[in-house]
Each structure stands twice: as C-alpha cells, then as structure tokens.
Amino acid sequence: MNVIIVGCGRMGASLAGSLSDAGHIVTVVEVRRRNIANLPRNRVDSASVNIVEGDGAAADVLETAGIDSADLLIAVTGRDTLNGLIAQKARTMYRVKTVMVRVKDEDLRRLYETFGVVTVNSTHIVAERMLAGIMEIQ
C-alpha cells in the first residue's frame, strides 16, 4: 500500500515506522525540519520512509509526495482544521480512496465524516481504554 502521512510529530513518526515495518511504501510530509528528527534515524538513513519537506495542504507538496498514486492519506498535524483541509483535498481533488485524520474537536469530527473521512479522536480512545481497565479491576 502507498501511504502518505502528513505530520511528523510522535504519532506521525510512530505510524510511519509501523507501516514501513509492515512493508508499505511510506512518505512523510512535514513543514518543520526539526520534526523529521522524530523518525527513527535508521528509517531516514535507509530511505525506508520517504520525506517531503513542505506544507501538506499545498497541492505541489502533495503531488511531490505522490498523492496521485496514494492508497491512503493520514493527516496527523497538531491542528484539526489543517487536517480537515488536507483530508478534503485528498478526497475531492485527488480521489484518494481512504483518508484518515486525527481530530480533537467533536463538531469537526462529525463534519469530516460527512466527507467520507475516517476520524480518530485520541482523547476518546485513551479515555475508553482507561475506563475499560478500571472496569476490569472492579
């Protein structure tokens, strides 16, 4: 699978490493050069993860990243609105089959899902796991 990940914070870097380990072609788009350091050094040195520096909402950057042949785009920047803009472009302009975003705002989550975007709210996931753990102890 050809995967583009926009955002190379801890989550983006972790996803890139795991997907690369699973044999997928992974390209990370990141606007801040210092965030690329979140990727494990061996991934960068071996080019098992491709890196494109630039604004993930810009068409030319997405095209350089290979969006025309992407099977999956994942937007995990720190900004919900930016993730939504990237997701909307990927779905409508480039017809990427599967688009996923991390989102914190519940209203935006519902909106993005109307575009056919898979949304993940990490706060809700952590809370659900903690509650499940609490229920197991009782």
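These notes cover the structure that comes with them. Not measured: the values here are computed from a predicted model.

### Some thoughts on helix α1 (residues 10–21)
Helix length check: α1, at 12 residues, gives a terminal C-alpha distance of 17 Å against a target of 16 Å (1.5 Å per residue), a fit within 8%. Within α1 the residues assigned to the buried category are G12, A13, A16, G17, L19 and S20. Elements in contact with the buried residues of α1: β1 (2–6), β2 (25–30), α2 (41–46), β3 (49–53) and β4 (72–75). Downstream of α1 by one or two residues, G23 has phi in the positive range, about 95°.

### Notes on the sheet that holds strand β5 (residues 98–102)
Ordered in space as β3-β2-β1-β4-β5-β6, the six strands form an open sheet in which the pairing is parallel. Each edge of the open sheet carries a strand with a single partner, namely β3 and β6 (118–120). Pairs of neighbouring strands in the sheet enclose a mean axial angle of 20°, with direction left out of account. For β5 and β6, the ladder comprises three bridges, and the chain directions are parallel.

Parameters and conventions
Residues numbered from 1 in each chain as written. Predicted model: local features only at pLDDT ≥ 70, side-chain atom pairs only at ≥ 80, totals over all residues. Heavy atoms only, no water. Helix = DSSP H or I, 4+ residues; strand = E, 2+ residues; numbered from the N terminus. Expected span 1.5 Å × (residues − 1). Buried < 20%, exposed > 50% of the residue type's maximum accessible area, 1.4 Å probe, protein only. Contact = heavy atoms within 4.5 Å. Pairing = 2+ DSSP bridges. Axes fitted to C-alpha atoms, helices over the stretch in contact; angles between N-to-C directions.

Scope: geometric values only; no functional claims are made or implied.
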